[in-house]
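Analysis of the macromolecular model
Here is what each chain is made of, one letter per residue.
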Amino acid sequence: MGQLQAGIIPVTAFQQNCTILFDSETKRGVVVDPGGEVDKIQEVIAQNGLVIEAIWLTHGHIDHAGGAMELKEALGIDIIGPHRDDGFLLEGLEEQGRRFGVDDPVRNCTPDRWLDDGDSVSAGGHVFTVRHCPGHAPGHVIFVNDEAKFAHVGDVLFRGSIGRTDLPGGDHETLLRSIKDKVLPLGDDFGFLCGHGPGGRIGEERLTNPYLKGL
């Protein structure tokens, strides 16, 4: 087994970071949050000779899950996650599409496996621990790989910011508690990728992110 690697494909008008996590030697891995433009995602997979084992969802918002069912059927793989508390969002993806005026075809989504806090999942043999981090969405999860000191945090934490909490199921205090209890304890040397924009390091956010003051 080789090193854990990550590639980002910005998709849709939301510029969401659809992420591929894969092993450098076997080229096996997973797609995290295929929010749309599934043809573009498949093109990248083919160009890089990747074998995709599963789709992981951090949460049920349209910009992260809008293309999940289409990609599942195209590749014949399972959708894993998020936590079941986001079921109402995944069942309402088509309505989210109408509300936001999304042109891409969007279908409601039913995961093959819900995730709970403490579960383990694997991308190309690299094991990730699941942490349930509600606040941006009630069923939001993050994926943590201790060996590489790396986490995919979805829309919980951004470089210099945090996830919005004004969407259905969002709650600002709950999000801050998730960051305090589940993200910051990972350690300052942990790197992260997020759902939009550039990634960063936990230590840098602890020092400079204005939303984390006092946590």
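About the criteria used
- Residues numbered from 1 in each chain as written.
- Predicted model: local features only at pLDDT ≥ 70, side-chain atom pairs only at ≥ 80, totals over all residues.
- Heavy atoms only, no water.
- Salt bridge = Lys/Arg side-chain N within 4 Å of Asp/Glu carboxyl O.
- Helix = DSSP H or I, 4+ residues; strand = E, 2+ residues; numbered from the N terminus.
- Buried < 20%, exposed > 50% of the residue type's maximum accessible area, 1.4 Å probe, protein only.
- Arc of directions from axis to C-beta.
- Contact = heavy atoms within 4.5 Å.
- Patch = residues over 30% accessible without salt bridge, like charges linked within 9 Å, V, L, I, M, F, W, Y side chains within 5 Å.
- Areas by Shrake-Rupley, 256 points an atom, 1.4 Å probe, with all protein chains shown as cover.
- Lys, Arg positive; Asp, Glu negative; His and termini not counted.
- Charge placed at Lys NZ, Arg CZ, Asp CG, Glu CD.
- Phe/Tyr/Trp six-rings, centres within 6.5 Å; stacked < 30°, edge-to-face > 60°.
- Axes fitted to C-alpha atoms, helices over the stretch in contact; angles between N-to-C directions.
- Parallel < 35°, antiparallel > 145°, perpendicular 65-115°, else oblique.
- Left-handed = near helix turned anticlockwise from the far one by under 90°.
- Nonpolar A, V, L, I, M, F, W, Y, C, P; charged D, E, K, R; others polar.

1. Digging into the pattern of salt bridges
All chains considered together, the criterion is met by nine salt bridges. Residues Arg 28 and Glu 53 are paired through a salt bridge, measuring 3.0 Å at the closest nitrogen-oxygen approach. With Arg 28 in strand E3 (residues 28-32) and Glu 53 in strand E4 (residues 51-56), this residue pair connects regions lying 25 residues apart in the sequence. Given the relative accessible area of 37%, Arg 28 is considered partly exposed. Across the pair Arg 107 and Glu 73 runs a salt bridge whose closest N-O atoms are separated by 2.7 Å. Taken together, the positions of Arg 107 in the loop between helix H5 (93-100) and strand E6 (120-123) and Glu 73 in helix H3 (residues 68-75) put the pair 34 residues apart, joining distant regions of the chain. The exposure class of Arg 107 is partly exposed, given its relative accessible area of 35%.

2. Let's talk about H3
Inspection of H3 places Ala 68, Met 69, Leu 71 and Lys 72 among the buried residues, and these make up the whole buried set. The arc enclosing the buried residues of H3, seen along the axis, measures out at 165°, which places them on a common side. Packed against the buried residues of H3 are E3, helix H1 (38-47), E4, helix H2 (62-65) and strand E5 (78-80). Within two residues after H3, Gly 76 carries a phi angle of roughly 70°, on the positive side.

3. Describing a negative patch on the surface
A surface patch of negative charge is lined by Asp 39, Glu 43, Glu 70, Asp 103 and Asp 104. With a relative accessible area of 60%, Asp 39 lands in the exposed category.

4. Remarks on the packing of aromatic side chains
Under the criterion given, the structure shown has three aromatic pairs. Ring geometry for Phe 128 against Phe 150: centres 6.4 Å apart, planes inclined by 85°, an arrangement best described as edge-to-face. One end of the pair, Phe 128, is in strand E7 (residues 126-132); the other, Phe 150, is in strand E9 (residues 150-152), and 22 residues separate them in sequence. In this structure Phe 150 comes out as buried when scored by relative accessible area, which is 12%. The structure contains a cluster of three or more aromatic residues connected by ring pairs, namely Trp 56, Phe 128, Phe 143 and Phe 150.

5. A short note on the packing of H1 against H3
Direction vectors running N to C along H1 and H3 enclose 40°, while the axes themselves pass 10 Å from each other. In terms of their interaxial angle, H1 and H3 are classed as oblique. Crossing of H1 against H3: the hand is right-handed. Judged by residue contacts, Val 38, Asp 39, Ile 41, Gln 42 and Ile 45 of H1 engage Glu 70, Leu 71, Ala 74 and Leu 75 from H3. Among the residues forming the contact of H1 with H3, the class breakdown is six nonpolar, one polar and two charged.

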